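Spelled out from the first residue to the last, the chains are:
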Amino acid sequence: MTLESFIKKIPKAELHLHIEGSFEPELMFKIAKRNNIPLKYSKIEDLKKAYNFNNLQEFLDIYYAGANVLITEQDFYDLTWAYLVKINQQNVKHTEIFFDPQTHTGRGISFDTVIKGILKALKDGKEKLGISSKLILSFLRHLDQADALHTLQTALPYKTDIIAVGLDSSELGNPPYKFKKTFQKAANEGFLAVAHAGEEGPSEYVWSALQDLNVKRIDHGNKALDDPELVQFLVKKKIPLTVCPLSNFKLKVVKNLKKHPLKTMLDLGLKVTVNSDDPAYFGGYMTENLLTMANALNLTKEDIYKLCRNAFEGSFLSQTEKNKMIKDLDAFYLKNK
Ligand code: ADE
Ligand code: ZN
């Protein structure tokens, strides 16, 4: 089997995906029309041309504008369902999805509307496509702690539907410790925790996510490589890093794909995984991310297998569920390596 077929067919888990970032322009135009909401661009091609970013903030401005057309429970269902259909074609068996409730509650859409639409699609994803999933509530770090605490309170009736809390949006100037109290409360309520750290922000933010927020995974974590002591800690504690190569390239976190630290991370013994982040904006889902990196860094089948295994191991599935999925992954690898 060629490396390309191997990458397409290998069973995958995705651990870093913003559902609002899977909003493809075609669906965005359809929903905008349905809801009578004017878009800044009259043609899909013009919108796509705007997907040229110099940094995280330039992307976020466009990403939040796109999310503005999501109004009804059906909109959130359609958004989530479209993502599940897409990843089903890529053999993604398990996905852990971020949603940003404040992006919607801040413009008058209720938390209930957002989560009900997403959950209904995830249930259909399980029943009709056999895709297993977990949901992660991500706080917007450019907003204040009071807003995050209020959001957490609103989420409590859905406690059993949400596995973890996360932290995303504008990293620079918004260190993890800003949300220490929120994450403390979330832990007391039984939520696990993850946080975006070291995407644009310094390695100190990765330490802060670990020490102040007690996260179980670091989302991105590229800048951790600047601090050898931190690398040693991450290796020793087996903390997964949910790395997003195409995102890093599009947001200029790396200069070019050949400079991406993915292989270095693997060789250092870090529990690194590959993810798509915001696939509709960055040019690809799981398969495209893996294929692009395999080409840029000359990855082997063993490297790809390791990346996929790390994702199942680093997921928030139960040990029994992990074992079952890893057994299938190992069988695929043994047969096709
Ligand atoms: N929200 C959506 N994608 C993000 C990213 N890559 N970093 C921070 N916040 C985000
Ligand atoms: Zn992200």
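Residues numbered from 1 in each chain as written. Chains lettered and ligands numbered in written order. Predicted model: local features only at pLDDT ≥ 70, side-chain atom pairs only at ≥ 80, totals over all residues. Heavy atoms only, no water.

## Section: the environment of Ala-294
Relative to the assigned elements, Ala-294 resides in helix α15 (residues 286–297). Judged by relative accessible area, which is 4%, Ala-294 ranks as buried. The spatial distance from the C-alpha of Ala-294 to the C-alpha of Leu-3 is 8.5 Å, given a sequence separation of 291 residues. Once you skip the residues sitting within four places of it in the chain, Ala-294 turns out to touch Leu-3, Ile-7, Leu-299 and Ile-304. (Helix = DSSP H or I, 4+ residues; strand = E, 2+ residues; numbered from the N terminus. Buried < 20%, exposed > 50% of the residue type's maximum accessible area, 1.4 Å probe, protein only. Contact = heavy atoms within 4.5 Å.)

## So, the sheet that holds strand β4 (residues 164–168)
Judged by pairing direction, the sheet is parallel, and its 8 strands sit side by side in the order β1-β2-β3-β4-β5-β6-β7-β8 without closing on themselves. Only two strands of the sheet have a single neighbouring strand rather than two, namely β1 (12–18) and β8 (271–274). When the angles between neighbouring strand axes are averaged without regard to direction, this sheet yields 25 degrees. Relative to strand β2 (residues 92–99), β1 is paired through 5 bridges, and the arrangement is parallel. (Pairing = 2+ DSSP bridges. Axes fitted to C-alpha atoms, helices over the stretch in contact; angles between N-to-C directions.)

## With respect to the site of ligand 1
Lining the immediate surroundings of ligand 1 are His-18, Leu-56, Phe-59, Leu-60, Tyr-63, Asp-168, Ser-169, His-196, Glu-199, His-220, Asp-277 and Asp-278. One of the side-chain N or O atoms of Glu-199 is found 2.7 Å from a nitrogen atom in ligand 1. The separation between a nitrogen atom of ligand 1 and a polar side-chain atom of His-220 is 3.4 Å. In isolation ligand 1 offers 260 Å² of accessible surface; the protein chains occlude 100% of this area. According to the grid-proximity analysis, the pocket containing ligand 1 is the largest cavity. Of all the elements, helix α4 (residues 56–67) adds the most residues to the shell around ligand 1, at 4 residues. Per-class residue counts for the shell around ligand 1 are 4 nonpolar, 4 polar and 4 charged. (Near = heavy atom within 4 Å. Polar contact = N/O pair within 3.5 Å; in protein donor to acceptor, adjacent residues only side chain to side chain. Areas by Shrake-Rupley, 256 points an atom, 1.4 Å probe, with all protein chains shown as cover. 1 Å grid on protein atoms, 1.4 Å probe; cavity = no way out; pocket = protein on both sides within 12 Å on 5 of 7 lines; lining within 4 Å. Sits in = over half its atoms within 2 Å of the grid points. Nonpolar A, V, L, I, M, F, W, Y, C, P; charged D, E, K, R; others polar.)

## Some details on the coordination of the zinc ion (ligand 2)
Distances from the zinc ion (ligand 2) to its protein donors, His-16 (NE2), His-18 (NE2), His-196 (NE2) and Asp-277 (OD), fall within 2.0 to 2.2 Å. Relative to the metal, the 4 donor atoms surrounding the zinc ion (ligand 2) lie at angles of 84 to 174 degrees, and the coordination shape comes out irregular. Taken in sequence order, the residues that donate to the zinc ion (ligand 2) follow the motif H-x1-H-x177-H-x80-D. One end of the pair, His-18, is in strand β1; the other, His-196, is in strand β5 (residues 192–197), and 178 residues separate them in sequence. On the accessibility criterion, His-196 (4% relative accessible area) is buried. (Donors = N, O, S within 2.8 Å, 3.2 Å for Na, K, Ca; no water. Tetrahedral: all angles 85-135°; square planar, octahedral: opposite > 155°, others 65-115°.)

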